[in-house]
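# Observations on the model geometry
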Amino acid sequence: MSGQTVHADFSGHMLDLDEDEDLEVFSKNTSLADGSPMPNSPSSMVNQYRLEEEEEQEQQDANARDLFVSVDNPESHVTAIETFIMYRVVTKTTRSEFDSSEFEVRRRYQDFLWLRSRLEENHPTLIVHPLPEKFVMKGMVERFNDDFIETRRKALHRFLNKISVHPILSYSQHFKVFLTAEELMSHRKQGPGFLSRMGETVRAVANSVRGLRSRPEEFTLMQEYVDDFSNKICSVDKVTQRIIKEQREYLDELKQYSPTYSQWAGSEEELAEPLRGVASCVERCGLETEEQIQHLSEVLVPALHEYVLCAETLKAVMRRRDNIQVEFEAKNEALASRRVDQEALQDEVDVLADRVELANNALKGDWSRWQNSMRTDLKSAFLSTAEKNVEYYEQCLAVWESFLLSQRAEPSEQNAGEDAS
Amino acid sequence: MAEDGRDELVATDDESDHTAADGSSSLNNTVVEEGSTLVRRMEICVAEAEKRSGKNAVNMQETFTVYLIETRPMDAVTEGRNPAPDSLWRRYSEFELLRNYLLVTYPYIVVPPLPEKRAEFVWHKLSADNMDPDFVERRRIGLENFLLRVASHPVLSNDKILHHFLTEEHGWKEVVYETGFQAKADSRIRALSATFRVRNPDKRFMEMKHYSDQLQSHTSQLLRARARVADRLYGVYKVHGNYGRVFSEWSAIEKEMGDGLQSAGHHMDAYAASIDDILEEEEHYADQLKEYLFYAEALRAVCRKHELTQFELEMASQDLISKKQQHEELATGIVRTFSFKGMTNKLFGQEAPVQREARIKLLEELIAEGEDTVKEKTVECEEHVERAWVDMQRFKEHKDKDLREALINYAVMQISMCKKGIQMWSNAKECFLKM
């Protein structure tokens, strides 16, 4: 880590991004780290914008796209035992594997979890996009708060879209079932059950205890990158949260500030008009600030957050790849030492060797794909943020300029604007 | 900036001279050429500030700041000659002394205020230290502003003590004390008592007094809120500096994204750094408001003086009436109202004629004195009202003008800040495009 000198100016505002204490409220494991509820989005307009933007981009990216998925319409579903949200998943496709060209099903969060774990199981070294987190962050009582549901819906939508453009994952049988089956529960019961998954984990742990003999250079580099990336993306996420916090506090003070001008106007005659003018300007800038905060929360924060989760996914993928190699190496060693059952063992070793190669290739292939995707997503989010900030300042500029205009329109006693610059 | 201030005040001077001349030239005891105040004859500025050490009143070592006052005859300046200015050093306490003298000597004038003694309405980054160079610089400007306001005032600018202050470095203090102004100062208690007990103060003055309370309260609330906003804004900008740091570190591990991230990071650093100058400039706006916060006090002082003179007049009149009554009682023997003498007369019998005569004589003398006193007080009160009213109008006009300009200035600052923001984020956007 570079040891940059901290300028005196910055002291107190420089976050110690290595210390976990700073992360205490901003834990990675919560969906919205900030203690306050998400700001209400102006109905569906912003969401609409984001959806359209994503769809456009995806259409541009893969002109040969033949599968489109969307997640919307969250509805509360009440049973005797529990209450949960069902989302509508709409699929439009021209793929021949599908019986029809359009599907509409209802899915709950657990269904998405099932899908993802199946995908990971079948493709242990592919990078499967993360899901939004399961639990609500500490402090939030209302599990089905509107903003929370909306955030989750957007993330689920993004998840399915990531899968649908993946050259391998989008052809997964589980994915097809998820998108088309009227009722998912029966399908969920099939496949390797909980116990067998447990067995795998135990084997993996046992193998990892043995340790990896030699990791191929490129995967070592990859691991280093993953660790560094994880650090950096968490830091960026943290900084962004902090900025939102500071902006909110700034906004609070602005709201106290503008009334002091209008109150003063009450006791003045000539001055009343310009004072009210300034009060109105400050107020309008406050509204712009509010919008800007909202944009940050709705665009940059979710994007960064997803990649924080991605970093964890990457770490898991690296571990799984390592385990596959370890398993092979273990059997291979056994083969070298034992005399008995060499043929049978040889077959096993061959299978495992193939597995290693498959796993490595899959990861290599997916790696650059993922990097590109990350670059595109984050670039878009940062761009959007920068554009919004420019727009924010442009709006505020217009507000103050119109005030100036109103003041200079009066027969002015003096050239106010000239000397002041 | 000093230039602007001066020009501005000369302009002010122009207008107020005309209005003042109409109403007050007859009242000015000092010889005033119409439209000729000190600032027109003399170029004044507070050029520098320096630290000095010395022993104070209790013989302890202390550090203080002195300010260099430079003066030049105006005709030399306008003729294009460039003579070296006369100069002398003064410290803040001497300015205070001058102002106190003016306050006592011209109680009908809204005396311009000095810049604050200690830094108030400080937001966290701003230093509250009197020795801080930024504070000293702002104080220098404030002191210059004070001198220019005084020197352009139709009444104050002719004061001899002011002239001394500007031209005689040594012995000035002694000359001020010799005027005995301190003895003329109204005691706080007298003033306060007058405020409560006065019966018929001039309505306009009461309104002005109420207005001065409002002005003070509103400006101080505004200043406090502004300081808090400044504090928060500072936080927002500075946190962006963290982006600079992280982007830079992150760019090291990325291939394609690296350059874009790195340069975006630099712009974030620049953005974070830009707030310092922005807020420094805003302090000047705060100073303009503070001047009127302190002016409110001066305005209130003039109103209070009215209450005092009015009260003393009422007291003197009351006293005269009661003495006349006593005289009447003694002379005619008729007791109109309850009086102690009446009581004792009833109880102990009337006094001897000789004594009565003596007392009647005394009373007549006292009545004569009392009538003189009432005449005096009436003149005092009326003169104060007339002169003060003129000056309060003058004050109102320059207040409206100055504050309106301050608000316009503020808008200009905001616009400048927005322009910087647009540029910074446009630059950042270009960098992100390169990612």
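Residues numbered from 1 in each chain as written. Chains lettered and ligands numbered in written order. Predicted model: local features only at pLDDT ≥ 70, side-chain atom pairs only at ≥ 80, totals over all residues. Heavy atoms only, no water.

## Observations regarding the overall build of chain B
Counting its secondary structure elements, chain B contains 13 helices and three strands. Per-residue burial for chain B yields a buried fraction of 51% across its 435 residues. A sequence separation of at least 24 residues applies to 77% of the contacts in chain B between residues at least 6 apart. (Helix = DSSP H or I, 4+ residues; strand = E, 2+ residues; numbered from the N terminus. Buried < 20%, exposed > 50% of the residue type's maximum accessible area, 1.4 Å probe, protein only. Contact = heavy atoms within 4.5 Å.)

## Here's the deal with the interface of chain A and chain B
Accessible area lost upon the coming together of the parts is a frequently used measure of interface size. With 70 residues of chain A in contact, the opposing surface of chain B contributes 69 residues. Of the roughly 6700 Å² buried where chain A meets chain B, counting both sides, 69% is carbon and sulfur surface. In this structure, the salt-bridge partner of B:Arg232 is A:Glu249, at a minimum N-O distance of 2.7 Å. Joining chain A to chain B, the criterion identifies 19 residue pairs in polar contact (both at pLDDT 80 or more). Secondary-structure elements contributing two or more residues to the side of chain A that touches chain B are α7 (217-265), α8 (272-337), α9 (342-408) and α10 (416-419) of chain A. Looking at the side of chain A that touches chain B element by element, the count peaks at 23 residues for α7(A). Of the residues belonging to the side of chain A that touches chain B, the class tally is 35 nonpolar, 16 polar and 19 charged. (Buried area = accessible area lost by both parts, 1.4 Å probe. Salt bridge = Lys/Arg side-chain N within 4 Å of Asp/Glu carboxyl O. Polar contact = N/O pair within 3.5 Å; in protein donor to acceptor, adjacent residues only side chain to side chain. Nonpolar A, V, L, I, M, F, W, Y, C, P; charged D, E, K, R; others polar.)

## As for the pattern of salt bridges
Residue and element names in this part refer to chain A. If you walk through the whole model with that rule in mind, you get 56 salt bridges over all chains. For Lys-364, the salt bridge identified is with Glu-218, shortest N-O distance 3.4 Å. Of this pair, Lys-364 sits in helix α9 while Glu-218 sits in helix α7, placing them 146 residues apart in sequence. Accessibility expressed as a relative area gives 36% for Lys-364, which makes it partly exposed.

## Overview of the packing of aromatic side chains
Summed over the entire model, instances satisfying the criterion amount to 32 aromatic pairs over all chains. Seen in terms of ring centroids, A:Tyr257 and A:Tyr261 are 5.2 Å apart; in terms of plane orientation they differ by 75°. Their pairing is edge-to-face. With A:Tyr257 and A:Tyr261 both in helix α7, this residue pair falls four residues apart, about one helical turn. When sorted by exposure, A:Tyr257 lands in the same class as A:Tyr261, which is buried. Residues A:Phe382 and B:Phe247 carry aromatic rings whose centres are separated by 5.3 Å and whose planes lie at 75° to one another, so their mutual orientation is edge-to-face. Note that A:Phe382 is positioned in helix α9 and B:Phe247 in helix α10 (residues 203-251), a pairing that runs across two chains. A:Phe382 sits in the buried class, given a relative accessible area of 2%. If you follow A:Arg107 out to its NZ or CZ, it ends over the ring of A:Phe178, 5.4 Å from the centre. A cation sits over an aromatic face here: B:Arg90 above B:Phe165, 4.7 Å from the ring centre. (Phe/Tyr/Trp six-rings, centres within 6.5 Å; stacked < 30°, edge-to-face > 60°. Lys NZ or Arg CZ within 6 Å of the ring centre and 35° of its normal.)

## A word on unusual backbone geometry
Of note, A:Asn73 is a non-glycine position whose phi angle comes to about 55°, a positive value. For A:Asn73, the position within the fold is in strand β1 (residues 67-78).

## Brief notes about the pairing of β1(A)
Residue and element names in this part refer to chain A. Where β1 and strand β2 (residues 83-93) come together, 10 bridges link them in antiparallel fashion. From the neighbouring strand, Glu-75 faces β2, where its bridge partner is Met-86. Connecting β1 to the antiparallel partner β2 that follows it, the hairpin turn spans four residues. (Pairing = 2+ DSSP bridges.)

## Let's talk about helix α4 (residues 173-180) of chain A
Along α4(A), the positions that sit buried rather than exposed are A:Phe175, A:Lys176, A:Val177, A:Phe178 and A:Leu179. Capping of α4(A) at its N-terminal end is provided by A:Ser172; its side-chain oxygen lies 3.1 Å from the backbone amide nitrogen of A:His174.

## Examining the side chain of A:Gln247
Structurally, A:Gln247 can be placed in helix α7. Residues in contact with A:Gln247, not counting those within four places in the same chain, are A:Thr289, A:Gln292, A:Ile293 and B:Val236.

## Regarding the packing of helix α3 (residues 146-164) of chain A against α8(A)
Residue and element names in this part refer to chain A. The geometry of α3 relative to α8 is characterised by a closest axis approach of 12 Å and an angle of 55° between their N-to-C directions. As judged from the angle between their axes, α3 and α8 are oblique. Note on packing geometry: the crossing formed by α3 with α8 is right-handed. In this structure, α3 contributes Lys-154, Ala-155, Arg-158 and Lys-162 to the contact, and α8 contributes Glu-298, Pro-302, Glu-306 and Tyr-307. Residues that form the contact of α3 with α8 fall into these classes: three nonpolar, no polar and five charged. (Axes fitted to C-alpha atoms, helices over the stretch in contact; angles between N-to-C directions. Parallel < 35°, antiparallel > 145°, perpendicular 65-115°, else oblique. Left-handed = near helix turned anticlockwise from the far one by under 90°.)

## Side note on the sheet that holds strand β2 (residues 61-73) of chain B
Residue and element names in this part refer to chain B. Read from one edge of the open sheet, three strands run β1-β2-β3, paired in antiparallel fashion. The sheet is open, and its two edges are formed by β1 (42-55) and β3 (86-91), each paired on a single side. In this sheet, neighbouring strand axes are inclined to one another by 25° on average, regardless of whether the strands run parallel or antiparallel. Here 13 bridges tie β1 to β2, and the two strands are oriented antiparallel to one another. Each residue of the ladder has a partner; that of Ile-44, found in β2, is Thr-71. Against the sheet, helix α4 (residues 92-105) engages β2 and β3, with an angle of about 90° to β3. Relative to β1, helix α5 (residues 133-151) is tilted by about 135°, and along the sheet it contacts β1 and β2.

## Description of the domain arrangement of chain A
Residues and elements named next belong to chain A. You can read the domains of chain A as domain 1 (64-185) and domain 2 (212-409). Look at where the C-alpha atoms of domain 1 and domain 2 centre, and you get two points 22 Å apart. Contact residues are listed per partner, giving 18 residues for domain 1 and 22 residues for domain 2. Summed over both sides, the interface of domain 1 with domain 2 buries roughly 1700 Å², with 54% coming from carbon and sulfur. At the surface where domain 1 touches domain 2, the tally comes to three salt bridges. The shortest N-O distance in the salt bridge between Asp-377 and Lys-162 comes to 2.5 Å. At the surface where domain 1 touches domain 2, the tally comes to 12 residue pairs in polar contact (both at pLDDT 80 or more). Put simply, the parts of the chain that give the side of domain 1 that touches domain 2 at least two residues each are α2 (109-122) and α3. The biggest single contributor to the side of domain 1 that touches domain 2 is α3, with four residues. When grouped by side-chain class, the residues that make up the side of domain 1 that touches domain 2 number nine nonpolar, three polar and six charged. (Domains from an automatic or database assignment.)

## Considering the sheet that holds strand β3 (residues 102-108) of chain A
Residues and elements named next belong to chain A. An order of β1-β2-β3 is seen for the three strands of this open sheet, with the pairing classed as antiparallel. Of all the strands in the sheet, the pair left with one neighbour each is β1 and β3. Strand-to-strand twist in this sheet, taken as the mean axis angle between neighbours without regard to direction, amounts to 20°. Taken strand by strand, α3 contacts β1 and β2, and its axis lies near 150° from that of β1. Across the sheet, α4 touches β1, β2 and β3, and the angle it forms with β3 is around 90°.

## Structural notes on the confidence of the model for chain A
Residue and element names in this part refer to chain A. Here chain A averages 81 in pLDDT, and 74% of its residues register 70 or above. Highest mean pLDDT in chain A belongs to α7 (96); lowest belongs to α10 (46). When the criterion is pLDDT under 50, residues 20-52 qualifies, and its contacts beyond four places in sequence or with other chains add up to 55 contacts. Across residues 412-421, confidence stays below pLDDT 50; counting only partners more than four residues off in sequence or on other chains, it has 11 contacts. (pLDDT = per-residue confidence, 0-100.)

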